[in-house]
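# Report on the structure
One letter stands for each residue in the lines below.
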Amino acid sequence: MSELHALFGGTFDPIHFGHLRPVEALAQQTGLQRVTLLPNNVPPHRPQPEASAAQRVAMLRCAIRDLPLFEIDTRELERDTPSWTVTTLEAWRIERGAEQPLGFIIGQDSLLSLSKWHRWQDLLSLCHLLVCQRPGYPTRFDSPDMQRWLEQHLAQDIRQLHQQPAGHIWLADTPLYDISATEIRRRRHQNQPCDDLLPAAVIDYIDREGLYRD
Ligand code: ATP
């Protein structure tokens, strides 16, 4: 089977165990060898992350220090246009070719809002979508059309993810972590502990930088 690689985009303001643990489980389940974290550029007209781009990357570095599964790619931060996943995937395909099996990891909440993504219909021609469960979100689309689209593209077997470069959706059976970056930022602002929510090295960095404090 060909080596399956996956990209995982997010704001990561900050990265937390709800990002890391489900993806580690997904990797074990699917034989995923490598996951590239893609911190995204938030366009100026949108609510800005509290941490700067450099701080978000530094937190990623702290988080993956002992996790060889992960690497970081800062390409989306290096351009001043919005982070469109489809554009990043097209650039990736130009660099790496069309044949390598490639996944794009999202949580269940992102799957449910996929139809708002720029050129979302093109995504499956570029990658597989690997979906991690996220507590508090329905398992089905409200829209019958979207539900039909999902069912048409569901992978029946992990081997399809390795044998074909793109085109399938994998609903992974990943552990549930009821964690969000929003909740972490809220707790920090209210001087509440976040010990179980993100890696200690990231908390140390946040403390050193005085992030997420009023
Ligand atoms: P925020 O609270 O600031 O909106 P977030 O915690 O949702 O942030 P993002 O960086 O926006 O984190 O998420 C990046 C990706 O990780 C998205 O695809 C999202 O669905 C997924 N994700 C985030 N948290 C979880 C979680 N607890 N379980 C599963 N997937 C998650």
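Anyway, here's the lowdown on the structure attached to this text. Keep in mind it's a predicted model, so treat the numbers as computed, not measured.

Analysis parameters
Residues numbered from 1 in each chain as written. Predicted model: local features only at pLDDT ≥ 70, side-chain atom pairs only at ≥ 80, totals over all residues. Heavy atoms only, no water. Pairing = 2+ DSSP bridges. Helix = DSSP H or I, 4+ residues; strand = E, 2+ residues; numbered from the N terminus. Axes fitted to C-alpha atoms, helices over the stretch in contact; angles between N-to-C directions. Contact = heavy atoms within 4.5 Å. Buried < 20%, exposed > 50% of the residue type's maximum accessible area, 1.4 Å probe, protein only. Right-handed = clockwise from strand over helix to strand, strands pointing away. Near = heavy atom within 4 Å. Polar contact = N/O pair within 3.5 Å; in protein donor to acceptor, adjacent residues only side chain to side chain. Areas by Shrake-Rupley, 256 points an atom, 1.4 Å probe, with all protein chains shown as cover. Nonpolar A, V, L, I, M, F, W, Y, C, P; charged D, E, K, R; others polar. Core = buried A, V, L, I, M, F, W, Y, C linked by side-chain atoms within 4.5 Å.

### Comments concerning the sheet that holds strand E4 (residues 102-107)
Here we have 6 strands laid out as an open sheet, ordered E3-E2-E1-E4-E5-E6, and parallel in their pairing. One side of each edge strand has no neighbouring strand; the edge strands of this open sheet are strand E3 (70-72) and strand E6 (169-171). Neighbour-to-neighbour, the strand axes of this sheet turn through a mean angle of 25°, independent of strand direction. When E4 meets strand E5 (residues 128-132), the two strands line up parallel, connected through 5 bridges. Across the sheet, residue Gly107 finds its bridge partner in E5, namely Cys132. Where helix H1 (residues 17-30) meets the sheet, it contacts strand E1 (5-10), strand E2 (34-39), E3, E4, E5 and E6, and its direction lies at approximately 125° from that of E5.

### Focus on the pairing of E1
Judged by how many residues are buried, E1 sits mostly within the fold: 5 of 6 residues are covered. The sheet contact formed by E1 and E2 spans 6 bridges and is parallel. By the bridge assignment, Ala6 is partnered in E2 with Val35. The handedness of the E1 to E2 crossover, carried by H1, is right-handed. Two strands pair when backbone bridges link them, and E1 and E4 are joined in this way by 4 bridges, in the parallel orientation. The residue of E4 that forms the bridge with Ala6 is Gly103.

### Some points on the site of the ligand
Near the ligand there are 20 residues, and of these His16, Asp109, Tyr177, Ala181 and Thr182 occur at the shortest range. Between the ligand and the protein, one listed contact pairs an oxygen atom with a side-chain N or O atom of Ser110 at 2.9 Å. In the environment of the ligand, a nitrogen atom lies 2.9 Å from a nitrogen or oxygen atom belonging to the backbone of Tyr177. The protein chains hide 85% of the 600 Å² of surface that the ligand would expose on its own. Those elements that provide at least two residues to the shell around the ligand are E1, H1, E4, helix H4 (108-112) and helix H8 (181-189). Split into classes, the residues belonging to the shell around the ligand amount to 6 nonpolar, 11 polar and 3 charged.

### Notes on the pairing of E2
Within E2, 5 of the 6 residues are buried, leaving the element largely enclosed by the surrounding structure. Across 3 bridges, the pairing between E2 and E3 is parallel. What sits directly across from Leu37, in E3, is Ile72.

### Digging into the environment of Arg93
In this fold, Arg93 is placed in helix H3 (residues 85-96). C-alpha separation for the pair Arg93 and Cys127, spaced 34 residues apart in sequence, amounts to 9.4 Å. Ignoring any residue separated from it by four or fewer positions in sequence, one finds Arg93 in contact with Ala98, Glu99, Gln100, Leu102, Leu126, Pro165 and Ala166. A polar contact of 3.0 Å, which involves the side chain of Arg93, links it to the backbone oxygen of Leu126.

### As for the nonpolar core
Nonpolar side chains tend toward joint burial in soluble globular proteins. Core analysis: the largest hydrophobic core is formed by 41 residues, its most contacted members being Leu32, Phe70 and Ile105. Tallying contributions element by element places helix H2 (residues 53-64) first for this core, with 6 residues. Apart from the residues lying within four places of it in its own chain, the contact partners of Phe70 are Leu20, Val23, Glu24, Arg34, Val35, Leu37 and Ile64. In this structure, Leu38, Trp92, Leu126 and Trp149 belong to the second largest nonpolar core, which totals 22 residues.

### Looking at the environment of Gln108
Relative to the elements of secondary structure, Gln108 occurs in helix H4. Among all residues touching Gln108, those that are not within four sequence positions of it are Val131, Cys132, Gln133, Arg134, Tyr137, Pro138 and Thr139.

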